[in-house]
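# Examining the three-dimensional arrangement
As a plain string of letters, each chain reads:
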Amino acid sequence: MVLEGNPEVGSPRTSDLQHRGNKGSCVLSSPGEDAQPGEDPIKYGELIVLGYNGCLASGDKGRRRSRLALSRRPHANGVKPDVMHHISTPLVSKALSNRGQHSISYTLSRSHSVIVEYTHDSDTDMFQIGRSTENMIDFVVTDTSPGGGAAEGPSAQSTISRYACRILCDRRPPYTARIYAAGFDASSNIFLGERAAKWRTPDGLMDGLTTNGVLVMHPAGGFSEDSAPGVWREISVCGNVYTLRDSRSAQQRGKLVENESNVLQDGSLIDLCGATLLWRTPAGLLRAPTLKQLEAQRQEANAARPQCPVGLSTLAFPSPARGRTAPDKQQPWVPPSHAFAPCGHVCSEKTARYWAQTPLPHGTHAFHAACPFCGAWLTGEHGCVRLIFQGPLD
């Protein structure tokens, strides 16, 4: 049995959550205009990649890490649609040669393309996520293998797009974060070729989907003890919400869901076809337990001297190494209640039930419930089991 602890993957209640030690999360900005000298920048939220329990196996390094804090930038770098051009193909290369001009190119045929130019938006900050290690990608994400760890080696074929998606955050309260499929490349362009799903909207504008798509699921009832899994939707390049396609790469789009939006909520899941990210808001993170609360739970559990009902050995929840001011990133912490099956990662009953009922996309057709700590597919009738401890024998 493994006792684990990434508090951000549980719903925000103290009985579910484990240690909060990962203070090394990358912050993509220095203090913004509203921050006073010495103050932390305004945080929009955090992205956590499921399956790594707070740290990549090879360690979090630079932009390649298991979690990322999105904070207010010193200067706005957001963009918004401006002008739409209908052009012939020979002019496409010329139109896309200006790296200072963000644009989205929709190839309708060999002789007709539509280019939508984007202009600077002083009200938003943009963060880009993808597999590419180029500088325009703020958060480099690699494929997660079931059971934990990244798919590595030259033979591993990634299904995550190099420029998978982008998130735009309002620089003013309430700092709303919105997600869009596809990110701008080194030429500040998003290119949708002839085979990509694309269409004209009723108001005469253009929209489209990426090859493997960007899926989003918002939890029903908020991310709390009453949470239930929501419905998976696909987000378009322009941020509209659609029902899922027949398969991830099908050219026929789903139906427009007019009463839903691309605004991220606490507990929203973002699937990039190879890795699933969890979005946590600052308010949600503030409801996570403190180290003092976790230590009190550990001492209470150890004071009961629980025993294994099979071997009758006394079970102990270890303390952090002496001399440390915070737990090691790999140090397991729990409330001993339930364990995911078959991996054995432990959390509270409500957290276990939530993730056991949450189908995570896998491949182009399948969905599987998985352990949020290691990514292992859950098995059995309920996907988790209740832990049974025996009191000490006299």
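Note that this is a predicted model, so its numbers are computed, not measured.

Rules of the game
- Residues numbered from 1 in each chain as written.
- Predicted model: local features only at pLDDT ≥ 70, side-chain atom pairs only at ≥ 80, totals over all residues.
- Heavy atoms only, no water.
- Phe/Tyr/Trp six-rings, centres within 6.5 Å; stacked < 30°, edge-to-face > 60°.
- Lys NZ or Arg CZ within 6 Å of the ring centre and 35° of its normal.
- Salt bridge = Lys/Arg side-chain N within 4 Å of Asp/Glu carboxyl O.
- Helix = DSSP H or I, 4+ residues; strand = E, 2+ residues; numbered from the N terminus.
- Buried < 20%, exposed > 50% of the residue type's maximum accessible area, 1.4 Å probe, protein only.
- Contact = heavy atoms within 4.5 Å.
- pLDDT = per-residue confidence, 0-100.
- Pairing = 2+ DSSP bridges.
- Axes fitted to C-alpha atoms, helices over the stretch in contact; angles between N-to-C directions.

### Concerning the packing of aromatic side chains
Centre-to-centre distance and the angle between the planes together describe a pair of aromatic rings. Evaluated as defined, the whole model comprises seven aromatic pairs. Between Arg-253 and the ring centre of Trp-199, over which it is positioned, the NZ or CZ distance is 4.5 Å.

### Comments concerning the pattern of salt bridges
Taken as a whole and assessed by the stated rule, the structure comprises 13 salt bridges. In this structure, the salt-bridge partner of Glu-46 is Lys-43, at a minimum N-O distance of 2.8 Å. Across the pair Asp-125 and Arg-171 runs a salt bridge, and its minimum N-O distance is 2.8 Å. You can see Asp-125 sitting in strand β7 (residues 124–130) and its partner Arg-171 sitting in the loop between β9 (165–170) and β10 (177–181), a full 46 residues away along the chain. There is no split in this pair, since Asp-125 and Arg-171 are both buried. If you follow the salt bridges from partner to partner, you end up with Lys-43, Glu-46 and Arg-67 in one network.

### Observations concerning the environment of Thr-243
You can see Thr-243 is positioned in the loop between β16 (241–242) and β17 (269–271). Residue Thr-243 is classed as partly exposed on the basis of its relative accessible area of 25%. A sequence separation of twelve residues divides Thr-243 from Val-231, and the C-alpha atoms of the two residues are 9.0 Å apart. With residues up to four places along the chain from it excluded, the contact list for Thr-243 reads Arg-233, Glu-234, Gly-254, Lys-255 and Val-257.

### Considering the confidence of the model for the chain
Do not read the predicted coordinates in detail wherever pLDDT is low. Per-residue pLDDT for the chain averages 82, and the proportion of residues at 70 or more is 79%. For the stretch residues 13–32, pLDDT sits under 50, and the model shows 85 contacts to residues farther than four places along the chain or on other chains. Scored below 50 in pLDDT, residues 321–334 shows 30 contacts in the model against residues more than four places distant or in partner chains.

### Overview of helix α4 (residues 349–356)
Listing the buried residues of α4 in full gives Thr-351, Ala-352, Tyr-354, Trp-355 and Ala-356. In the core, the buried residues of α4 are packed alongside β14 (214–217), β17, β19 (338–340), β20 (346–347), β22 (366–369) and β23 (384–386).

### Some thoughts on the sheet that holds strand β5 (residues 103–109)
Taken together, four strands build an open sheet; the order of strands is β4-β6-β5-β11 and the sheet is mixed. Looking along the sheet, the strands with just one partner apiece sit at the ends: β4 (78–87) and β11 (189–192). Neighbour to neighbour, the strand axes of the sheet diverge by 20° on average, direction disregarded. With six bridges connecting them, β5 and strand β6 (residues 112–121) associate as antiparallel partners. Counterpart to Ser-103 in the pairing with β6 is Glu-117.

### Focus on the sheet that holds β20
As summarised here, the arrangement of the three strands in space is β20-β19-β23, forming an open sheet in which the pairing is antiparallel. Only two strands of the sheet have a single neighbouring strand rather than two, namely β20 and β23. Where β19 and β20 come together, two bridges link them in antiparallel fashion. What sits directly across from Ala-339, in β20, is Val-346. Contacting β19, β20 and β23, α4 runs over the sheet at an angle of about 25° to β19.

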